[in-house]
Structure formats: C-alpha cells, structure tokens
Amino acid sequence: MSTAWTSRYALRTKGLKSSAIRELLKVTQNPEVISLAGGLPAPEVFPTQRFQEACEKALRDNAPAALQYGPTEGYKPLREMIARHIARYGIKAQIENVLITSGSQQALDLIGKLLINSGDRVMVEAPTYLGALQAFNVYGAEYISVPIDKDGLQTELLDRALRSGPKFMYILPNFQNPGGTTLSEGRRHELVLMADRYGIPIVEDDPYGQLRYEGQHLPTLLVLDRENLRRDNGYSIGNVIYLSTFSKTLAPGIRLGWIVAPPDVINKFVQLKQAADLHTSTFAQIVAYEVARDGFLDEHVRTIRNVYRERRDVMLAALQEYFPPEVTWTHPQGGLFLWVTLPEGIDCQKLFRTALEHNVAFVPGDSFYASNHVATPHMRLNFSNATPEQIREGIRRLSLAVKQQIAERQTADVSL
Ligand SMILES: Cc1ncc(COP(=O)(O)O)c(C=O)c1O
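Numbers given to residues run from 1 along each chain, matching the order in which its sequence is written. Per-residue local features of the predicted model are confined to residues with pLDDT of at least 70, and side-chain atom pairs are confined, for both listing and counting, to 80 or more; whole-chain, interface and lining totals are unaffected and use all residues. Where side-chain values are given, they derive from all heavy atoms of the structure, hydrogens and water being excluded.

Chemist: Any details on the overall build of the protein chain? Residues and values, ideally.
Modeler: A tally of helices and strands in the protein chain yields 14 helices and 14 strands. A globule of 416 residues ought to have a C-alpha radius of gyration of about 22 Å, and the protein chain, at 22 Å, matches this closely. Along the longest, intermediate and shortest principal axes, the C-alpha atoms of the protein chain span 70 × 65 × 50 Å. In what follows, a contact means two residues having at least one pair of non-hydrogen atoms within 4.5 Å. Within the protein chain, residue pairs in contact and separated by at least 24 positions form 75% of the contacts whose partners lie at least 6 positions apart. In the structure as shown, the protein chain presents an accessible area of about 18700 Å², 51% of it carried by carbon and sulfur atoms. Distance between charge centroids for the protein chain: 3 Å, based on 45 positive and 45 negative side chains. The numbering of helices and of strands both runs from the N terminus, where a helix is a DSSP run of H or I of at least 4 residues and a strand a run of E of at least 2. Computation of the radius of gyration draws on C-alpha atoms alone. For the globule rule, the value is 2.2 Å times the number of residues to the power 0.38. Surface accessibility follows the Shrake-Rupley procedure with a 1.4 Å probe radius. Residue values consider only the protein chains on display as shielding. When charges are counted, Lys and Arg are positive and Asp and Glu negative, with His and the chain ends excluded. Charge placement uses NZ in Lys and CZ in Arg. For Asp and Glu, CG and CD serve respectively.

Chemist: Lay out unusual backbone geometry in plain terms, naming residues and giving numbers.
Modeler: The peptide bond linking Ala126 to Pro127 adopts the cis configuration, its omega dihedral lying at 5°. Assignment of secondary structure puts Pro127 in the loop between strand E3 (121–126) and helix H5 (130–137). With a phi close to 50°, Phe175 is a non-glycine residue in the positive phi region. When you line up the elements, Phe175 lands in the loop between strand E6 (168–171) and helix H7 (185–198). For every residue, the accessible area (1.4 Å probe, protein chains only) is compared with the maximum for its type, and the residue is labelled buried under 20%, exposed over 50%, or partly exposed between those bounds. The class for Phe175 is buried, based on a relative accessible area of 1%.

Chemist: Which residues make up the site of the ligand, and what values do they have?
Modeler: We call a residue near a molecule or strand when any one of its heavy atoms sits within 4 Å of it. In the vicinity of the ligand, 13 residues are found, and the nearest of them are Ser104, Asp205, Tyr208, Thr245 and Ser247. Arg255 has a polar side-chain atom sitting 2.8 Å from an oxygen atom of the ligand. For the ligand, whose unbound accessible area comes to 400 Å², protein coverage reaches 93%. Charged residues are taken to be Asp, Glu, Lys and Arg, nonpolar residues to be Ala, Val, Leu, Ile, Met, Phe, Trp, Tyr, Cys and Pro, and polar residues to be all remaining types, Gly included. Its residues placed into classes, the shell around the ligand shows four nonpolar, six polar and three charged. The definition of a polar contact used here is a pair of N or O atoms within 3.5 Å, where within protein one atom must be able to donate a hydrogen and the other to accept one, and adjacent residues in sequence count solely through side-chain atom pairs.

Chemist: Break down the sheet that holds strand E9 (residues 257–260) for me, citing the residues and quoting the values.
Modeler: Note on pairing: two strands pair once DSSP finds at least 2 bridges between them. Taken in spatial order, the eight strands line up as E2-E9-E8-E7-E6-E3-E4-E5 in an open sheet, and their pairing is mixed. Two strands bound the open sheet, and with one partner strand each, they are strand E2 (98–101) and strand E5 (152–153). Relative to E6, E3 runs parallel, the two being bridged by three bridges. Bridge pairing in E6 links Val124 to Tyr170. Interaxial angles span 0 to 180 degrees and are taken between N-to-C directions of axes, which are lines fitted to C-alpha atoms, for helices over the stretch in contact. Helix-sheet contacts for helix H3 (residues 76–87) involve E2 and E9, and the interaxial angle to E2 is about 120°.

Chemist: Provide a residue-level description of the packing of aromatic side chains, including the pertinent values.
Modeler: Pairing of aromatic rings covers Phe, Tyr and the six-membered ring of Trp, with a centre-to-centre limit of 6.5 Å; geometry is then stacked below 30 degrees between planes, edge-to-face above 60, and tilted otherwise. In total, this model carries nine aromatic pairs according to the counting rule given. Pairing Phe323 with Trp329 gives two aromatic rings, centres 6.3 Å apart and planes at 85°, and the pair type is edge-to-face. Ring geometry for Phe352 versus Phe362: centroids 5.7 Å apart, planes at 75°, classification edge-to-face. With Phe352 in helix H13 (residues 348–357) and Phe362 in the loop between strand E12 (360–361) and strand E13 (363–364), this residue pair connects regions lying 10 residues apart in the sequence. Among the residues examined, Phe352 registers a relative accessible area of 5% and is labelled buried. Among the aromatic side chains, those forming a connected cluster through ring pairs are Phe136, Phe168 and Tyr170.

Chemist: Could you give an account of the sheet that holds strand E14 (residues 378–382), with specific residues and numbers?
Modeler: Pairing is antiparallel in the open sheet, where four strands are placed in the order E10-E11-E14-E13. Every interior strand has two partners, whereas the edge strands, strand E10 (328–329) and E13, have only one. Note that strand E11 (residues 337–341) and E14 share five bridges and pair antiparallel. Following the sheet pairing, Val340 is matched in E14 by Met379.

Right under this line is the structure:
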C-alpha cells in the first residue's frame, strides 16, 4: 500500500506556497525573454579566476580542514574577517557575535525558529522581501504591515503597529527589496528609539548595504541601537539582530551569509543550526575567505558598484524615454531593484502575461505584501542581471505592454 503523503504532512505545511518569483523565473528561462524579474547578480562580475585559485589553494594547503566537518559557528578566520569588516561601519562586534549561515535565507529561517510561535505577529514593511515572508510563514507568523514611502518605513505610523504587540520588526533599511528605497537617517533614529521604548527587537536585513551608487553611507540600526550605544565595548546585549551575505558581493552560489547578535542569542542560533545542517559548508567558507582576503573583496565591491550604477542609470534613462507620464518609479541609491507604480486599475498579472508576449519579464508587485490587500499596482524591476543593451530593449518592450494595458483599461472604463 503506498502512503498518502498529503494526509501525513505536518500542520505547519498547510497554506505554504512556492515563491511566486521562482515560478515566474521558470517562464523566463526562454532565451528570447529579457528578464528584469529575478534578483540575480551579473554573472560577468563573478570573480571566477579568483575562485578557481582559492579552490586550488584550499585543497592544496588546507584539505583536511576544508573537507572535514567544522564548528557550527563557522570558520574562525572568516568570522574574524567579518567582525573586522563591519567594525569599519562602527559595529562593535567580536567573533562571539558572528554566526556563519547558509545564506541570509537560512538566517531568516533560524529567526523564525527562534522567535515565532504559531500566531505570533511580525511587523513587516509593506512591501517587503518575499523570502522572509516564506521563511516566517512556516512558523505560523501573522503580520502587521507598515507602508514604506520614498524614505523607507513610515515611522510615524509605527506607534499604532507596535502597540498591537508584534514579536519583532523585520526591517530592510538599505535599498529595500523590492522598493529600492533607503530608510532616512532621521527615521533610523526614530525606529531604534521606538524599539527601545516598546521593548520590541529589530531584525535588520542588509544584503545590499555595500552596493551604494550615490550618496553617503547611513549608519546601520545595529550601530544606532540604544543598548549598543550605552556600552563602549563589545555587543553583549541589544535590540538588533543584523543579517548580511556574500551573495551580492561575491556569488550567491556559495550560499554564505552571517548573523550578528548578542552572544547569548548566537548560542541559541547555534543549537538551532546544528539541528538544521550541523554547519555551513566548510569548503565554501574557506574558499570565500581565500577569495575575500588581502583587500580583494573591497576592490571587487568597487567594480560591482561601477557596473550596477551604469545599469541602474540605463534603466532610469530608458524608463524616462519610453514610459508614459502616468507611471512613476523609485530612484534607488543602491541595490538591485527599482519599484514602478502603475496607474490604478491596471491588473498586474494581466500585464505580466502581456509583457511575456513582448518577451520581457518583471515581478508583479502583489507578491511582496504580507496581506492580500494592495492599494496600487506595482512592478519590481531588477537592473543587475541584464546587460545595458538588454535593459534598454527590455524597458522598451515593457513600455509597449504597459501602454497596451493602459489603453485596454481606458476602453473598459468607457464601456462601463
Ligand atoms: C532582503 C533579502 N534578504 C535575504 C536574501 C537572501 O540572500 P541569500 O542569498 O544570502 O540567502 C535576499 C536575496 O535576494 C534578499 O533580497
């Protein structure tokens, strides 16, 4: 007798959906389609040669460690490198504050495991990172959404949200995915003040912080955290758990991210991570360390910034040239995404299908909201993966689809 697996699935699997983006990406595999959909880095900037040398070195000089089980906390030299690196931005982390994860996505899952009981509320930005919602959904999270505007999370709306008692806040201060917006410095201060006042911690997800193409670096919430500011040395307690990753600065395929948190919290994460995968790939960690060391990462980040800045500018110029005046978009100071606001009444799913007929893809904005209610139709556009020529052509094709949908909507309005 064969097992009826579905009747055996745990309750927590109820209502889980595959990521809308991953499903969309399957459609965009067709080489004719210019995809502005995924959040993929440009493969041209992967430091392939350096990776090859690092792999050879790891196997030549360090094979017993590279191929062996390792500590759950991560490869010590890599953790030390991360602690040194973030100290530049004023984060007073020691190695005890750093846990290496299998990408930031694993960190989000561990956060769900550590903090969310079924039915707990999480305060998220509207819109927010879809992968975080997926991770938290597994643990039965419910959501309080607070909208963003061009300066990021609207902190003036926080009071009410925090009074309803969320377990924590999930915040993307830099070049938000999908919004492309950056939380202003004033709002950063306000946010940490509110966290302190209400005793509600913050999970700060910062995969893009280093990819700034204009303007000044703004302090992380971790640095501004009141508890952190009260101490001059070390990060022993505090209101902020900080996440980042090598996915956008080195390569996502190595699956390496990290968590910065007070040591007690790190120890708890270590127990949960042990249960999940014992530790992140030792080989990947040693290779990443060898690639990043001796200033290479800094130099490489400068190269990526130049490539992505150009692509962002090409996309902004093409939008200006081709899109009708009733459509608006964000001007991201960094990161990989731009957020386009369409006129009311446009059906984004329909627009997506029309866009595919024109051989161009984007991600419909409704995927990025915790609740089903979306006031205005949006598109998320990625500018890191396609070449400048493809971006220009992609935006031209997309403008045809948008104009077609606007015209159809007007016809529908007239016939009503
Ligand atoms: C905001 C945000 N958090 C986390 C991740 C996951 O990154 P990683 O590749 O490190 O798992 C992404 C990836 O796009 C992201 O945009």
